[in-house]
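Chain and residue survey
In case you want the letters, here they are:
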Amino acid sequence: MNFLRGVMGGQSAGPQHTEAETIQKLCDRVASSTLLDDRRNAVRALKSLSKKYRLEVGIQAMEHLIHVLQTDRSDSEIIGYALDTLYNIISNEEEEEVDDVEEENSTRQSEDLGSQFTEIFIKQQENVTLLLSLLEEFDFHVRWPGVKLLTSLLKQLGPQVQQIILVSPMGVSRLMDLLADSREVIRNDGVLLLQALTRSNGAIQKIVAFENAFERLLDIISEEGNSDGGIVVEDCLILLQNLLKNNNSNQNFFKEGSYIQRMKPWFEVGDENSGWSAQKVTNLHLMLQLVRVLVSPTNPPGATSSCQKAMFQCGLLQQLCTILMATGVPADILTETINTVSEVIRGCQVNQDYFASVNAPSNPPRPAIVVLLMSMVNERQPFVLRCAVLYCFQCFLYKNQKGQGEIVSTLLPSTIDATGNSVSAGQLLCGGLFSTDSLSNWCAAVALAHALQENATQKEQLLRVQLATSIGNPPVSLLQQCTNILSQGDKIDRRGSKIQTRVGLLMLLCTWLSNCPIAVTHFLHNSANVPFLTGQIAENLGEEEQLVQGLCALLLGISIYFNDNSLESYMKEKLKQLIEKRIGKENFIEKLGFISKHELYSRASQKPQPNFPSPEYMIFDHEFTKLVKELEGVITKAIYKSSEEDKKEEEVKKTLEQHDNIVTHYKNMIREQDLQLEELRQQVSTLKCQNEQLQTAVTQQVSQIQQHKDQYNLLKIQLGKDNQHQGSYSEGAQMNGIQPEEIGRLREEIEELKRNQELLQSQLTEKDSVIENMKSSQTSGTNEQSSAIVSARDSEQVAELKQELATLKSQLNSQSVEITKLQTEKQELLQKTEAFAKSVEVQGETETIIATKTTDVEGRLSALLQETKELKNEIKALSEERTAIKEQLDSSNSTIAILQTEKDKLELEITDSKKEQDDLLVLLADQDQKILSLKNKLKDLGHPVRLKCLQK
């Protein structure tokens, strides 16, 4: 400051230029001074001048200040002064009070100046990136002014700064760290910074949400005391709204992250009459709006439905209903709570059913719907509250045929409480429909129309409602009473708008008659209705009455389009002739178009909520605008159609109805068959389970039976010891432990061995015969001529065959001996078994004697089991030997096949030798010696040689 005083004190001449020259010298000192202290003092001086001389400091010093941010980052103090100076230049906040006359001009100039300096600062994107990097500094004197400066930049030129931050690496992530700062001032200003950053930018909203913003913000709200918290809670709620409103991705992320469950403690306000501070009311209002953001009718239906279910499951809807029925709640909070409950239950059957079960804490308890309707038809209640109740009733009935039936049933004679102790919803609606308050008339008519929306059954049921107008007069139907009031017009003195009652009744009648030919017939049955409508349409009235004319034209058009021609005097063709004669088709269509051209029609068609600034604007209902849009075109076509076209259309309709009936019939059949198939599948699965259980039970019973058998056998063994023939029958008792099944199995194995032996014997016999045949064939061949060709190799093969035959025979003999041995053992076992069976009839002895002899029985039983094991091993060995014999037989078969092929070759050679017989006769003398040698070989082989054959 001494430096600043010296600079200011040296300026004696030219007071107008003193400040500018001082700022210029300070800027020069910042730019040229080599000492850090001098630069720091110069920047401090610029900061003190920046608020009063904003323009001069901004023009001359901004470039130097940015340079300081780039070069002097090591000194946090000078960085803080530079950031504060830039904030004072760019921000539009004015500390000095401004006169009322100059306030508007000063504000406009300030805003223009701030936006201009902001544009200069962000022209170089590196400046914003530099500012983001400075926010990573933990020093309070750097971080806090940096947060305020960036917030001011976003307020001035939000979209441009958002785009720079979006493309900056880790730009959003750096800003998210501010929420985790332990210093509340920086954390709270960080929330304000994120508010400005996320405004109207879906991409940044998604990044902030996925940087765990929901978790941190909900933690801050919880730490600050939920709805009892201060302005920090308000700022966090506004930021949450920025992140969730019109952002389906973030809404889904909020729901999937189970953050809806964390909203329930917000609404635990209790029944305290005190404690409703202005900040608490603001906080709770924002909390309710946040709930509405998640279940808004403008959201995708699937997302809204899932949020509604989550709110019911976590108890949030129940908590809201508690506030709804609590006492001492401020009117604006109560109104917003009703609107919130409305959208939480809209179109969700589970939530609607729960809301129908809610009772007010009165004596006797009354349904919440009845209590709310009492407020709606009470003209002393605030207008916004009555609109909220109407919206709640509409949302309760939206796509809720069950609720519609319950409301209509309260009007039927069989359900009306004759004692008059309780007031039903239907009675309240009728009371509002026929009261002298036009707003109550309109609200009751619209509410009753929603009870009939897209529900032909309730439209027919409502025709049964009878009203007692006065004592001594017969009751009239609700439909007739509505038309009576409509025809009276302005004759009844009503409070409020002149046309509001008639518009409400006409909307009710149009909704009631659409898609319901029976209701059209009842309406036309009153002969005064059609002349009244045609008279209203044909008159030339003022602009205010044109809307009533348009609604009358719509009602008459519905009576034509949905007419089933059951009344001869009011058939479609006659009604169209009446229109052409008294009104004119063009005039009728023009009057019909007054509805959609009305200035309030488009406003009502935008949102389902009846949100009007005053009662005079309460003309159209949202659902009714949909009905007008649907019927206006078809009624226009129906008016211009000829009778022949009508007939053709009716025939097409009938054909389509028949086709639809057939399709519906087959759909029902398919549905029934699907149900039957499902039942059969369930039965099959049930039978499978029962079968598995039974099989398990059978297995257990078999094992138990086996255990009982074993126990029985042991008891028999123990009892058999006490017999006087114990010694002779002890082995039989042991044999009984083998089990009869095992003895039978041994018998079967012995029989199988016998059969195998016989089979092998037969195979050996066959082989012997084959070999004999081969021998004979060889002998005959050699007798004729082949004796000269038999070689030494043939003799060796024959010898080997003989050896194999001998081996096989020996093996068979040994096997037969073993079989005989097994048979004898079998006979012995059978004899022992029979002997033991004869000795079974022994009476039981005492338990002491049985216990003393158990050890001996167990030893003998183990010996017998060992013997049985040895027998099994022997049987196994015999089986292996049998397998080996089979293999030897297979090898002999292959040898025989080889001999057979050689025999064929020999036969071929003999045939050739016959051809050479003449040559052989010539050489007979030379072959004598060879023949003698061959004869010797044959003798060695055991074949007798006939000399006479050789002599030939």
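Residues numbered from 1 in each chain as written. Predicted model: local features only at pLDDT ≥ 70, side-chain atom pairs only at ≥ 80, totals over all residues. Heavy atoms only, no water.

Next up on the list: the overall build of the protein chain. Assigned secondary structure in the protein chain consists of 45 helices and 4 strands. Across the 952 residues of the protein chain, 43% fall into the buried class. Long-range pairs, those at least 24 residues apart, make up 73% of the contacts in the protein chain between residues at least 6 apart in sequence. For the protein chain, the accessible area works out to roughly 50700 Å², and carbon and sulfur atoms hold 51% of it. (Helix = DSSP H or I, 4+ residues; strand = E, 2+ residues; numbered from the N terminus. Buried < 20%, exposed > 50% of the residue type's maximum accessible area, 1.4 Å probe, protein only. Contact = heavy atoms within 4.5 Å. Areas by Shrake-Rupley, 256 points an atom, 1.4 Å probe, with all protein chains shown as cover.)

Attention now goes to the confidence of the model for the protein chain. Overall, the predicted model of the protein chain reaches an average pLDDT of 82, with 78% of residues at or above 70. Counting contacts from residues 839–853, a segment whose pLDDT is below 50, to residues more than four positions away or on other chains yields 16 contacts. Below a pLDDT of 50 lies the segment residues 947–952, which in the model reaches 4 contacts outside its immediate sequence neighbourhood of four places, other chains included. (pLDDT = per-residue confidence, 0-100.)

What follows concerns helix H13 (residues 213–223). Note on helix geometry: an α-helix contains 3.6 residues per turn, so any two residues three or four positions apart are oriented the same way. Within the span of H13, buried status applies to Ala213, Phe214, Leu217, Leu218, Ile220 and Ile221. The buried residues of H13 occupy one face: seen down the axis, they fall within an arc of 155°. Elements in contact with the buried residues of H13: helix H10 (171–176), helix H11 (184–198), helix H12 (202–210), helix H14 (231–244), helix H15 (248–256) and helix H16 (278–294). Positive backbone phi, at 105°, marks Gly225, one or two positions downstream of H13. (Arc of directions from axis to C-beta.)

Here we come to the state of the cysteines. Simply put, the disulfide is a covalent bond whose two ends are the sulfur atoms of two cysteines. Tallying each qualifying case throughout the model produces 0 disulfides. Free cysteine Cys392: the closest other cysteine sulfur is in Cys395, separated by 6.9 Å. Judged by its relative accessible area of 1%, Cys392 falls in the buried class. (Disulfide = S-S within 2.5 Å.)

So, about the pattern of salt bridges. When the charged atoms of two side chains lie near each other, side chains of opposite charge can form a pair. In the structure shown here, the tally under the stated rule is 22 salt bridges. With a shortest N-O distance of 2.8 Å, Glu256 and Lys255 are connected by a salt bridge. Accessibility expressed as a relative area gives 54% for Glu256, which makes it exposed. The class for Lys255 is buried, based on a relative accessible area of 17%. Three or more residues are tied together by salt bridges with common partners; here these are Asp37, Arg40, Arg44, Asp75 and Glu77. (Salt bridge = Lys/Arg side-chain N within 4 Å of Asp/Glu carboxyl O.)

Here the focus is the environment of Ala538. Among the structural elements, Ala538 can be located in helix H30 (residues 529–538). Residue contacts for Ala538: discarding those within four places in its chain leaves Arg582 and Ile583.

Interaxial distance between helix H31 (residues 543–561) and helix H32 (residues 572–582) falls to 9 Å at its minimum, and their mutual angle equals 150°. As summarised for this structure, H31 and H32 are arranged roughly antiparallel, according to the angle between their axes. Of H32, the residues touching H31 (which contributes Leu556, Ser559, Ile560 and Tyr561) are Lys572, Leu575, Lys576 and Ile579. Looking at the contact of H31 with H32, its residues break down into 5 nonpolar, 1 polar and 2 charged. (Axes fitted to C-alpha atoms, helices over the stretch in contact; angles between N-to-C directions. Parallel < 35°, antiparallel > 145°, perpendicular 65-115°, else oblique. Nonpolar A, V, L, I, M, F, W, Y, C, P; charged D, E, K, R; others polar.)

On inspection of all chains with the given rule, the structure shows 12 aromatic pairs. For the ring pair Trp266 and Phe267, a centre distance of 6.5 Å and an interplane angle of 55° mean the geometry is tilted. The exposure classification of Trp266 matches that of Phe267, with both residues buried. Over the ring of Tyr398 we find Arg346, and its NZ or CZ is 3.8 Å from the ring centre. The positively charged end of Arg603 is found above the aromatic ring belonging to Tyr617, 6.0 Å away from the centroid. (Phe/Tyr/Trp six-rings, centres within 6.5 Å; stacked < 30°, edge-to-face > 60°. Lys NZ or Arg CZ within 6 Å of the ring centre and 35° of its normal.)

Below, the discussion takes up the environment of Ile537. The residue Ile537 is located in helix H30 in this model. Between the alpha carbons of Ile537 and Lys591 there is a distance of 7.2 Å; along the sequence they are 54 residues apart. When neighbours within four sequence positions are excluded, Ile537 is seen to be in contact with Gln549, Cys552, Ala553, Leu556, Ile583, Phe588 and Lys591.

This part is about the packing of helix H22 (residues 383–397) against helix H25 (residues 438–452). Across the interface, H22 lies against H25 with an axial gap of 9 Å and an inter-helix angle of 10°. The angle between H22 and H25 places the two elements in the roughly parallel class. At the point where H22 passes H25, the crossing takes the right-handed sense. Mapping the contact onto sequence places Phe383, Arg386, Leu390, Phe393, Gln394 and Leu397 in H22 and Leu439, Ser440, Trp442, Cys443, Val446, Ala447, His450 and Ala451 in H25. Residue classes in the contact of H22 with H25 are distributed as 10 nonpolar, 3 polar and 1 charged. (Left-handed = near helix turned anticlockwise from the far one by under 90°.)

This part takes up the environment of Ser76. Examined against the element boundaries, Ser76 turns out to sit in helix H5 (residues 76–90). A relative accessible area of 26% means that Ser76 is categorised as partly exposed. Along the sequence, Ser76 and His141 sit 65 residues apart, while their C-alpha atoms lie 6.8 Å from each other. In contact with Ser76, other than residues within four places in its own chain, are Asp139 and Val142.

Below, the discussion takes up helix H19 (residues 331–345). With 15 residues, H19 ought to run about 21 Å at 1.5 Å a step, and its terminal C-alpha atoms sit 21 Å apart, in line with that. Of all 15 residues that make up H19, 12 are buried, and the element is covered over most of its length. Those residues of H19 that sit buried are Ile333, Thr335, Glu336, Thr337, Ile338, Asn339, Thr340, Val341, Ser342, Glu343, Val344 and Ile345. Along its buried surface, H19 packs onto H16, helix H17 (301–313), helix H18 (316–325), helix H20 (349–357), helix H21 (368–376) and H22. A positive phi of about 75° marks Gly347, the residue just after H19. (Expected span 1.5 Å × (residues − 1).)

On to unusual backbone geometry, then. Cis geometry marks the peptide bond from Asn363 to Pro364; its omega dihedral reads 0°. Considering the arrangement of structural elements, one finds Pro364 in the loop between strand S1 (359–360) and strand S2 (366–367). Unusually for a residue other than glycine, Ser258 sits at a positive phi of about 60°. With respect to the element layout, Ser258 can be found in the loop between H15 and H16. With a relative accessible area of 38%, Ser258 lands in the partly exposed category.

On the surface, Ile662, Tyr666, Met669 and Ile670 cluster together into a nonpolar patch covering about 380 Å² of accessible area. Secondary-structure assignment places Ile662 in helix H37 (residues 643–720). (Patch = residues over 30% accessible without salt bridge, like charges linked within 9 Å, V, L, I, M, F, W, Y side chains within 5 Å.)

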